[in-house]
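# What the coordinates show
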Amino acid sequence: MSGQERAVTRLEEYLRSARDRAFVGRTAELGAFRSALTGEPVFTVLFLHGAGGTGKTTLLRRFAVEAERAGRLVARADRFEPGGLIPALLAAVPPVAPGPAGPVVLIDEFDQWQPAESWLREEFLPGLPVGTVVVLASRTPPGLEWTTDPGWNEVLRVHEVGDLSPAEAEMLLDRYAVPRRRQPFLLELAGGNPLALRLAMEAAGEDDEVRLSVAQAVVRQVIGELPSAAHRQALEVCAYAEPTTEAILRATVADADAVELFRWLCELPYVECGANGVQVRPFVRTAVRTELRWRDPQRHEAAQARLAEDAPVVETLPRPEFDVAVRDALRSWRRPDLLADNPLAHSRMVAAAETAAEPVEALRGVLQSTLDALGEDPRQGKPHRALIATYLGGAPTQEAAAERLGLPFSTYRRHLNRGLEVLCSLLWRRESTGLDLI
């Protein structure tokens, strides 16, 4: 062996040793990979997905080391290169006899392989011998072509690579000998994101300089280029309003399709979807706010002020309570103090209304526009008139409203109940879906 070869070997060993010392957590992913190596349970493809900087590439390096120690042939493909993929991948996986010691194929940045994904799924991977272990790492989860296919469903295991736990993040800082007094600040900036943690550890300067340096790196490496100014504004809104809903986007991002923006946010790997809306992961939220404050202080302040005005706290009511709140709001039409306490004043439909920012006037506007829509339906003329006479016309009692309409009380009550039923359904549709009324 030449001196150059010995140097390369020593450098590889040094790099591997340093990476081993810095590796923390990922117990579930390591367990799944080791089970795949032993063939218990039998499966072929392990699909890792997670936001940028969560350590997917680091995991693949660790898998490669473990596979080599187990005597397995390892083939790695780290980046899709048009025109050169197929021959390179075929050359990296030479023919081997079927058996438990098949090759291990590691493919990084799989979300960039879309031009060849169908070929990989339908031709290349099925042609590998039984006993092969394949690991795909992507920022996005597997598509329906993987998860709904009965065949792939049997051999595919999906793991989301999330942030490190607080204990694991502290362990990582300890392994880099970060003083304990410094750790709370770094954890505040980076949370459990491994990339952000390393950036925070390596950044030099005062706290504000470190904060900005980490924020700029996260915006550049994790968020990357955005499709449009509206998408950037939607992400900024999401970093300030937690959780963010379609209604909040409609109220804060002008001249944009709130439905499309909300769906786009849901698909981002660093955004978490919940029952009440979406929110970005803490390290991204901190980065977006810090970078915007540095880049455009006035816009940062305006974002906070506008959200305070246009995006009140949104309350989600079950349907029965929602219907009760509608009736209470109609009874309180002339009582602003009671309307202000009505749960609908903080509903999604009111937050999204293109009317005065003041909740009482916004609620009145939503009720009035929905009543108007009801009145335009020729099938609902009588119920509409019963509603107006009862709640907006100033009749002191229902008996007086029936007399004003010239109806027997039982007939009036039937029309009123029908009007309330239809009105509540229209408002519920507006609240739950954000769609136009009719």
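Located above this text is the structure these notes cover.
Residues numbered from 1 in each chain as written. Predicted model: local features only at pLDDT ≥ 70, side-chain atom pairs only at ≥ 80, totals over all residues. Heavy atoms only, no water.

One pair of aromatic rings is described through two measures. These are the centre distance and the angle between the planes. Taken as a whole and judged by the stated rule, the model has eight aromatic pairs. On the numbers, 6.2 Å between centres and 70° between planes, the contact of Phe 110 with Trp 146 is edge-to-face. With Phe 110 in the loop between β3 (104-107) and α5 (114-124) and Trp 146 in helix α6 (residues 144-147), this pair connects stretches of sequence that are 36 residues apart. In this structure, Phe 110 and Trp 146 share a single accessibility class: buried. The interplanar angle of 25° and the centroid separation of 5.3 Å between the aromatic rings of Trp 119 and Phe 124 together place this pair among those described as stacked. For the pair formed by Trp 119 and Phe 124, the shared burial category is buried. Pairwise contacts between aromatic rings join Phe 47, Phe 110, Trp 146 and Trp 152 into one cluster. Across from the ring centre of Trp 146, 5.6 Å away, lies the NZ or CZ of Arg 121, which sits over that ring. Its end group placed over the ring of Tyr 240, Arg 289 keeps NZ or CZ at 5.0 Å from the ring centre. (Phe/Tyr/Trp six-rings, centres within 6.5 Å; stacked < 30°, edge-to-face > 60°. Helix = DSSP H or I, 4+ residues; strand = E, 2+ residues; numbered from the N terminus. Buried < 20%, exposed > 50% of the residue type's maximum accessible area, 1.4 Å probe, protein only. Lys NZ or Arg CZ within 6 Å of the ring centre and 35° of its normal.)

Here we come to the sheet that holds strand β4 (residues 133-138). Across the sheet, which stays open at both edges, the five strands sit in the order β2-β3-β4-β1-β5 with parallel pairing between neighbours. Whereas interior strands pair on both sides, the edge strands pair on one side only; in this sheet they are β2 (74-77) and β5 (156-160). Looking at each pair of strands side by side, their axes are set apart by 15° on average, direction ignored. One ladder, built from four bridges, connects β3 with β4; its direction is parallel. Directly across from Leu 106, in β4, lies its bridge partner Val 135. (Pairing = 2+ DSSP bridges. Axes fitted to C-alpha atoms, helices over the stretch in contact; angles between N-to-C directions.)

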